[in-house]
Amino acid sequence: IFWKLTHTNRVLHFKSNHAVSTKRAVIISLFDRIDTHFAGDDLTGRKQEKAFLFRVLSASGYPVKFIRKTLRRVARSRKLSKKQLDKPKATVVIPYVAGLREKISQKLAELGIKTVNKSDSW
C-alpha cells in the first residue's frame, strides 16, 4: 500500500476520548485497505502490511486483543451478511395468528421461502 511521504504512522490513540465504535472503525478502515489494494496472490505483501498495521496500532495504544477481536467480529458479520444476500425462492404473505405464524414461517424458511405478515389494516 502506498503511504505518502508525510505519513507519520499515527492514528487515533486508543485512550482518546472517542467512542469505541470510532476506534473499531479506525482498525476496520486500515485493514480494509489491504483487501482492496493487494492482488489475491500477493500473500507476502498482505502479511507485511498486516504486521505493519499491528505495529502502528499498538504504538497508538490499541491492545492486540482488541484488534484481533474487532477483525474477527467484522469477518463474522461479513460472512453472515453474504448469507443474507441469498434471495429467497419466493415470498408468502400470511395473516398474523399468534403461535401459528411462527411455526409456518419457520417451516417455510427451511425451504428458502420468505414470509411477510399481513395486518388487519390491509
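The structure displayed is predicted, hence computed values, not measured ones.

Further remarks concern the packing of aromatic side chains. Taken as a whole and judged by the stated rule, the model has 4 aromatic pairs. Residues Phe-31 and Phe-54 carry aromatic rings whose centres are separated by 5.6 Å and whose planes lie at 75° to one another, so their mutual orientation is edge-to-face. Residue Phe-31 is located in helix α1 (residues 20-37), and its partner Phe-54 is located in helix α2 (residues 43-59); the two are separated by 23 residues in the primary sequence. Of the residues examined, Phe-54 reaches a relative accessible area of 18% and is grouped as buried. Aromatic rings pair up to connect Phe-14, Tyr-62 and Phe-66 into one cluster. One cation-aromatic arrangement involves Lys-23 over Phe-14; the distance from NZ or CZ to the ring centre is 5.0 Å.

Here the focus is the side chain of Arg-101. Residue position: Arg-101 is located in helix α4 (residues 100-110). Residue classification places Arg-101 among the buried positions, given a relative accessible area of 18%. Ignoring anything within four residues of it in the chain, the contact list for Arg-101 reads Ile-94, Pro-95, Tyr-96 and Asn-117.

Should pLDDT be low for a region, the predicted coordinates there are not to be read in detail. Of all residues in the protein, 89% attain a pLDDT of 70 or more, and the chain-wide mean is 84. At the low end of the mean pLDDT range in the protein sits strand β2 (residues 113-118), at 82; at the high end sits α2, at 90.

Even without being glycine, Asn-9 reaches a positive phi, approximately 60°. In this structure, Asn-9 sits in the segment before α1. With relative accessibility at 36%, the residue Asn-9 sits in the partly exposed group.

Calculation rules
- Residues numbered from 1 in each chain as written.
- Predicted model: local features only at pLDDT ≥ 70, side-chain atom pairs only at ≥ 80, totals over all residues.
- Heavy atoms only, no water.
- Phe/Tyr/Trp six-rings, centres within 6.5 Å; stacked < 30°, edge-to-face > 60°.
- Helix = DSSP H or I, 4+ residues; strand = E, 2+ residues; numbered from the N terminus.
- Buried < 20%, exposed > 50% of the residue type's maximum accessible area, 1.4 Å probe, protein only.
- Lys NZ or Arg CZ within 6 Å of the ring centre and 35° of its normal.
- Contact = heavy atoms within 4.5 Å.
- pLDDT = per-residue confidence, 0-100.

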